[in-house]
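This is what each chain is made of:
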Amino acid sequence: MSERYACKLSPELRKKANEELNEPTAVGEIHAAIDKLKVGYSEEKFGKLIREDDYFLIRFLRAKKYKHEKALKCLENYHKVRKDFPEMFVKIRNPVLLKPIIAKRILYMLPGRCADGTALVFYRPGLLDKNVNIFDLVGYSLMSIEKVLEDESVQICGLRSLEDYQNFNISILLQVSISDVAKMNTIWVEAMPLRYKAAHLINEGKVYDFIITLMKPFMKKKMLDRIKLHGSNLASLHEIVDPKLLPPCLGGTGVDTETGGKEWNEVLTENWSHDTAL
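Criteria and thresholds
- Residues numbered from 1 in each chain as written.
- Predicted model: local features only at pLDDT ≥ 70, side-chain atom pairs only at ≥ 80, totals over all residues.
- Heavy atoms only, no water.
- Core = buried A, V, L, I, M, F, W, Y, C linked by side-chain atoms within 4.5 Å.
- Buried < 20%, exposed > 50% of the residue type's maximum accessible area, 1.4 Å probe, protein only.
- Helix = DSSP H or I, 4+ residues; strand = E, 2+ residues; numbered from the N terminus.
- Contact = heavy atoms within 4.5 Å.
- Salt bridge = Lys/Arg side-chain N within 4 Å of Asp/Glu carboxyl O.
- Polar contact = N/O pair within 3.5 Å; in protein donor to acceptor, adjacent residues only side chain to side chain.
- Pairing = 2+ DSSP bridges.

Which residues make up the nonpolar core, and what values go with them?
Judged by nonpolar contacts, the single largest core of 85 residues is most densely connected at I101 and L162. Examining the composition of this core, we find that 8 residues originate from one element, helix α7 (residues 134–148), more than from any other. Setting aside residues up to four positions removed in sequence, L162 forms contacts with L110, L120, V121, F122, Y123, H200, I202, L237, V241, L246 and L250.

Okay, here's the thing in structure tokens:
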């Protein structure tokens, strides 16, 4: 049997988990919730659990504020999408196939946290080639989010995305089918144990209209409400994110994008086997 969950959170994070996510303060009650989730999962319907350890399963409870039915549904969907949409996951199982898009450093986690504790992922879609394989981008993104979710503070406080659309080629969106959009929405909204707090769009221009046209039929209102438009007004972004966390291209004093991207790729690939190393 794998090691049971042992709480090593700071007092502040324990308090936040309890007050915002309904996480029990007694570790025995946490174990009971995890056990109930594992017992409720049907391997006959959804396949063998990818991981059975407490540290993996607790992500689903936290993402759904310890509401058992919702956490179980998310866990089921997490496995179901891998069977239903294999094209989205095939390269994750052999990540060396994602080497070209990873090398572009299109996304990386910014060091530090917002005032509310949320983590920050910075996307630079303007670096994408016009003939990019959208499934490669999804794979790269999923690998990154899975990696950052290893941090319990991200499970508890959540994640914000910063998306800079400077130089983005709109023709990329024209290559994405409605079916693919629906699949991606299912993966991100229904199958990932993630507290997604907001998407901050920068230099979005007309790109926003295209994105909303594609995504709106599949998005819930609460998700639409979490999209924040900043245009070229970096001051409005700085009201939410401390400039000390941001790269110079966003008016910040943090590490530059090349250094940040390189460091994140090193973190992302640190546990890869030798035959899949970049």
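So, next bit.
Talk me through the pattern of salt bridges; I want residue IDs and the actual numbers.
A full pass over the atoms with the stated rule returns 21 salt bridges. With a shortest N-O distance of 2.9 Å, E152 and R62 are connected by a salt bridge. A residue pair is termed long-range when its members are at least 10 positions apart, and E152 in helix α8 (residues 152–157) and R62 in helix α4 (residues 54–63) qualify at 90 residues. In this structure, E152 and R62 share a single accessibility class: buried. Residue E150 pairs with K147 through a salt bridge whose shortest N-O separation is 3.8 Å. Given a relative accessible area of 12%, K147 falls into the buried group. One salt-bridge network, in which partners are shared between bridges, spans R4, D35 and D54.

So, the environment of V176: which residues are in play, and what are the values?
For V176, the position within the fold is in the loop between α9 (171–174) and α10 (178–190). Between the C-alpha atoms of V176 and K244, which are 68 residues apart in sequence, the distance is 36 Å. Beyond its immediate chain neighbours, meaning those up to four positions away, V176 contacts I134, V181, M184 and L214.

Run through the environment of H238, naming residues and quoting values.
Within the fold, H238 resides in helix α13 (residues 234–238). Its relative accessible area of 24% is what places H238 among the partly exposed residues. For H238 and G252, which are 14 residues apart along the polypeptide, the C-alpha to C-alpha distance reads 8.4 Å. Excluding its chain neighbours within four sequence positions, the residues that come into contact with H238 are P243, L246, L250 and G251. Of the polar contacts made by the side chain of H238, one reaches the backbone oxygen of L250; its length is 2.8 Å.

How would you explain the environment of T253 if you had to name every residue and give the values?
Relative to the elements of secondary structure, T253 occurs in the loop between α13 and α14 (257–268). Exposure remark for T253: the relative accessible area of 65% places this residue in the exposed category. Sequence separation between T253 and P243 is 10 residues, and the spatial gap between their C-alpha atoms is 6.1 Å. Excluding its chain neighbours within four sequence positions, the residues that come into contact with T253 are P243, K244 and L246.

So what's going on with the pairing of strand β3 (residues 159–164)? Which residues, and what values?
Working note: regular strand, side chains alternate between the two faces of the sheet. In terms of burial, β3 is a largely internal element, 6 of the 6 residues being buried. Across the two faces of β3 the burial is the same, with L159, S161 and E163 and R160, L162 and D164 all buried. In terms of strand pairing, strand β2 (residues 119–123) meets β3 through 5 bridges, oriented parallel. Each bridged residue has a counterpart across the sheet, and for A119 the counterpart in β3 is L159. With 6 bridges joining them, β3 and strand β4 (residues 196–202) adopt parallel strand pairing. Across the sheet, residue E163 finds its bridge partner in β4, namely L201.

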